[in-house]
Amino acid sequence: MSTSVMERPGLFATLLQSYRATEGLTQQQLADFATLSVRAIRDLEHGRAERPRRDTVRLLAEALRLDPARRAEFERAARGSTPSRTAGAHPEPAGMPSPDARRAYEYSTVLLDSLASGSSDGEWSRALNDLARQAWRLVSVDRGVAFLERRLG
């Protein structure tokens, strides 16, 4: 009897789980950052969705902040085109960080009304662009509060 995909997740599922763990994100957090459902993340990590859509892979790569080399490997794995060293086995991902090598981030919240006196969308946009130039990344906006993060170091 052959081993099903659900019993042995593929390279894409393994990479997704590893990169998510490295970033210190829960499935819910990754889903929020990538604007996907938690179920989609869970299905991808368990190998139930073997070939994710290109847009899904792009959203995940951006949410996981993958560098160009890891992003390329992630995209190849999503297409199922990463060769394995031996039949039925997956290669160790190139440049894979250890799960303990979490990146340090600084987080901040900003009331959008405090960014600009007029509080119009254009003024908010300019203020958020100013923050982006200071390496801040807009994570989400909820009820007039902007949630920001930036990598330390």
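Here, the structure is the one placed above.
This section reports on the structure supplied with the text. (Residues numbered from 1 in each chain as written. Predicted model: local features only at pLDDT ≥ 70, side-chain atom pairs only at ≥ 80, totals over all residues. Heavy atoms only, no water.)

With that settled, consider the overall build of the chain. The secondary structure content of the chain amounts to 7 helices and 3 strands. Ordered by position in the sequence, the α and β elements of the chain form the string α-α-α-α-α-β-α-α-β-β. Within the span of the chain, comprising 153 residues, buried residues form 33% of the whole. Contacts spanning at least 24 positions in sequence make up 63% of the contacts within the chain whose residues lie at least 6 apart. Carbon and sulfur atoms form 50% of the exposed surface of the chain, whose accessible area is close to 9,500 Å². (Helix = DSSP H or I, 4+ residues; strand = E, 2+ residues; numbered from the N terminus. Buried < 20%, exposed > 50% of the residue type's maximum accessible area, 1.4 Å probe, protein only. Contact = heavy atoms within 4.5 Å. Areas by Shrake-Rupley, 256 points an atom, 1.4 Å probe, with all protein chains shown as cover.)

Structurally, the position occupied by Tyr107 is in strand 1 (residues 105-111). You can call Tyr107 exposed: its relative accessible area is 56%. Remark: the alpha-carbon pair of Tyr107 and Trp136, spanning 29 residues in sequence, is separated by 8.8 Å. If near-sequence neighbours (up to four positions away) are discounted, Tyr107 is found in contact with Trp136, Leu148 and Glu149.

What follows deals with the nonpolar core. Core analysis: the largest hydrophobic core is formed by 21 residues, its most contacted members being Phe12, Leu16, Leu30, Leu60, Leu64 and Phe74. Those elements giving two or more residues to this core turn out to be helix 1 (11-23), helix 2 (27-34), helix 3 (38-45), helix 4 (54-63) and helix 5 (68-79). Val110, Leu128, Leu131 and Ala146 belong to the second-largest nonpolar core, a separate cluster that totals 6 residues. (Core = buried A, V, L, I, M, F, W, Y, C linked by side-chain atoms within 4.5 Å.)

Before going further, it helps to examine the packing of helix 2 against helix 3. Look at helix 2 against helix 3: their axes get within 8 Å of each other, and the N-to-C directions meet at 115°. Considering their axes alone, helix 2 and helix 3 lie roughly perpendicular with respect to each other. Every pair of crossing elements has a handedness; the one defined by helix 2 and helix 3 is right-handed. Each of Gln27, Gln28, Leu30 and Ala31 in helix 2 lies in contact with helix 3, whose residues at this interface are Val38, Ile41, Arg42 and Glu45. Residue classes in the contact of helix 2 with helix 3 are distributed as 4 nonpolar, 2 polar and 2 charged. (Axes fitted to C-alpha atoms, helices over the stretch in contact; angles between N-to-C directions. Parallel < 35°, antiparallel > 145°, perpendicular 65-115°, else oblique. Left-handed = near helix turned anticlockwise from the far one by under 90°. Nonpolar A, V, L, I, M, F, W, Y, C, P; charged D, E, K, R; others polar.)

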